[in-house]
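Listed here are the chains, written in short residue letters.
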Amino acid sequence: MMAGAPWDKEVDVLVIGSGAGGLLAALVASHNHADVLVVEKSNLWGGTSATSGGGIWIPCSDQAKAAGVDDDPEQAFKYIRELSATNVPDSSIKAFVAAAPEMLRWVTANTTIHFDAFPYPDYHAELPGGRKDGFRTHMPTEPIDGRLLGKDMQSLRPTSLAVSLFGKINWQFTETYMLLFRPRLWWLGLLRMLWRYYSDIGQRFRSDKDRFLTLGNALLGGLRLALNKAGVPLWLDAPMIELVVSNGKVTGAIITRKGKAMRIGARKGVVLAAGGFEHSAKLREEHIPLQPVTSRSGGQVNNTGDSIIAATAIGAATRNMHSTWAAPVFSVPGEDRGRLVTIERALPGCIMVNQAGIRYLNEAASYHIVGQQMAASNKPEARTDPSWVVFDHDFRHKYPMGPVIPLMPDWLQAGAVRSILHKASTIEELAAQIGIDGTALAATVKRFNEYAATGDDPDFHRGDAAYDRMYGDPRQTPNPCLAPIVKAPFYAFPIYAGDIGTNGGLVTDDFARVLDAKGKVIDGLYAVGNNAASVMGESYPGAGSTLGPSMTFGYVAARHMTGANQTGHKDG
Ligand code: FAD
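Asker: Give a detailed account of the environment of Ala452, specifying residues and quantitative values.
Answerer: On the secondary structure map, Ala452 appears in helix α16 (residues 438-454). Once the C-alpha coordinates of Ala452 and Asn479 are considered, the two residues, 27 residues apart in sequence, prove to be 7.7 Å apart. Discounting residues that sit within four places of it in the chain, Ala452 has contacts with Leu482, Ala483 and Pro484.

Structure (structure tokens):
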């Protein structure tokens, strides 16, 4: 810790990590006249945030109001309280609900990022305080022109393979539906996307990276543009390795840069925004021993819990370290991350079965619930990790299944994908290929087909909840999530119990200040995003529940450390 030695550089605010929460904290602090530095471990900036859908869950926003929706902070509190873990204090939830719309108003006023509220149902909309009509999920709806980022464009972390076309072409949220359901003249939309991508000729000679920034890339691109305008530096390849403490206060950190250790002083404090520990095999083994495989996480590979380790070394407390933003993932050989499976499970004509060939959950529930159930049900008598997604010829040609692209023949799919895609002319043969009991699988399919005919799934109620239907096919009646599996050939694809990051971490107070084991504030130390234990506990209230709080507490932390009031303060 070497307190007392001279600093190699001194700033007001030092931000560790360049995800959405970190960059917003840096921007707000800079607007409040602080001298700010962001340090990033990787040679790419943006973190998992840049690879994400860019959705943020913000109750009671101006955007929802403008859409005519009358949301209520009391209802939002009630809803989160119902879902969040009991060890998350009421005051933290209230702090989030109060500051979230204010944060979004600030982002709208001070950056070029444009968010709209979407009629995207809450994941548990039927609970008290939940909203079936949505309008708490906000998506960045206007693309950002990556050319404006200059050389920083090339070091922006690209969108996830799970949320881009052919693994490289960025799409807008509305284009997802065009590609998914292929309405009349859909191919014109596809041509427009291809033209957009391939006509950027200069970039095509340089890189696969799309400069038409959407979703998480638009969010991070917009934040970086604003930071560049404000003159805030972001150092790449500069991991934080240790915090510096003087008289009980965090006064800076030690980072490495160009192979040398550097002491960076932070007069107003350090914001830890270095993500979770999803890619640390050691920490997973310790805290999530039943799901030790790092490549089943959709989080990016540099999130190895460095800041959690550094903070606990100086006495910081942790909470819910066993918890993740759970999710089912596809694991394509050769890829370093799991591919989040959001939509496909809800589409009609597929089921998920365990290794005994039996359905065991509502496939259309939120990824968090499905991920948690897959992990919890994984017992020796009927393994659920991996489970199998089973579908037929009609589904195969109508819809995508992760990396398996519809309309494209099997032989044209990527080799790695073909290596895990099983195909057979009968259900029994398919079962034999994947090592499960043929009679059991055939009985499961028969039972499911009966449910599909009536549109009612009495076993798991697939398609009953507002969220299930969000990703069903509206053309399918009577239930948009149910269609029979009847037409050969039949397919099976393995699906794993994974996550999109961990969500247990450092204990923080309502201002994002890190607390010690006695609940005392560690002066000068703040934590946001997956670096901190989530205000949502072990739950996932709606789309954007990780980035929404990450950005909100980034905003709150920056205002607190630069002396701005929580509300009513006019940033200067
Ligand atoms: P990150 O964004 O990962 O940022 C942490 C940064 O810190 C990284 O750049 C990392 O390299 C850096 N770092 C790590 N260690 C150090 C160190 N020692 N020193 C310096 N830097 C360090 N969530 C939503 O809310 N809405 C969505 O729409 C959504 N979509 C998703 C889609 C996909 C495909 C995936 C995989 C996830 C999605 N998520 C979504 C989850 C969300 O992206 C993450 O939970 C969130 O980005 C975490 O933010 P963070 O700031 O904590 O971490």
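We are not done yet, so read on.
Asker: Lay out helix α15 (residues 427-434) with the relevant residues and their values.
Answerer: Here α15 has its buried residues at Ile427, Leu430, Ala431 and Ile434. The arc enclosing the buried residues of α15, seen along the axis, measures out at 100°, which places them on a common side. Those residues of α15 that are buried are in contact with β18 (387-391), β19 (422-424), α16 and β20 (490-502). Two residues or fewer after α15 comes Gly435, characterised by a positive phi angle close to 75°.

Asker: I'd like to hear about the confidence of the model for the protein, residue by residue, with values.
Answerer: Chain-level statistics for the protein give a pLDDT mean of 96 and a share of 98% at 70 or above. Taken as a whole, residues 566-572 scores under 50 in pLDDT and shows 18 contacts with residues more than four places along the chain or in a different chain.

Asker: Report on the packing of helix α1 (residues 20-31) against helix α18 (residues 547-561), specifying residues and quantitative values.
Answerer: Viewed as axis vectors pointing N to C, α1 and α18 meet at an angle of 30°, and their least axial separation amounts to 8 Å. Taken together, the axes of α1 and α18 lie roughly parallel to each other. The two elements α1 and α18 meet at a crossing, and its hand is right-handed. Contacts between α1 and α18 pair Ala20, Gly21, Leu24, Ala25, Val28 and Ala29 from the former with Leu547, Ser550, Met551, Gly554, Tyr555, Ala558 and Arg559 from the latter. A class-by-class count of the residues in the contact of α1 with α18 yields 9 nonpolar, 3 polar and 1 charged.

Asker: I'd like a description of helix α4 (residues 73-83), backed by residues and values.
Answerer: The complete set of buried residues in α4 reads Ala76, Phe77, Tyr79, Ile80 and Leu83. Down the axis of α4, the buried set is contained in an arc of 165°. They therefore lie on one face. Summarising the contacts, the buried residues of α4 are in contact with β3 (56-57) and α5 (90-110). Two or three places before Glu74, at the start of α4, stands the capping residue Asp72, its side-chain oxygen 3.0 Å from that residue's backbone nitrogen.

Conventions adopted
Residues numbered from 1 in each chain as written. Predicted model: local features only at pLDDT ≥ 70, side-chain atom pairs only at ≥ 80, totals over all residues. Heavy atoms only, no water. Helix = DSSP H or I, 4+ residues; strand = E, 2+ residues; numbered from the N terminus. Contact = heavy atoms within 4.5 Å. Buried < 20%, exposed > 50% of the residue type's maximum accessible area, 1.4 Å probe, protein only. Arc of directions from axis to C-beta. pLDDT = per-residue confidence, 0-100. Axes fitted to C-alpha atoms, helices over the stretch in contact; angles between N-to-C directions. Parallel < 35°, antiparallel > 145°, perpendicular 65-115°, else oblique. Left-handed = near helix turned anticlockwise from the far one by under 90°. Nonpolar A, V, L, I, M, F, W, Y, C, P; charged D, E, K, R; others polar. Polar contact = N/O pair within 3.5 Å; in protein donor to acceptor, adjacent residues only side chain to side chain.

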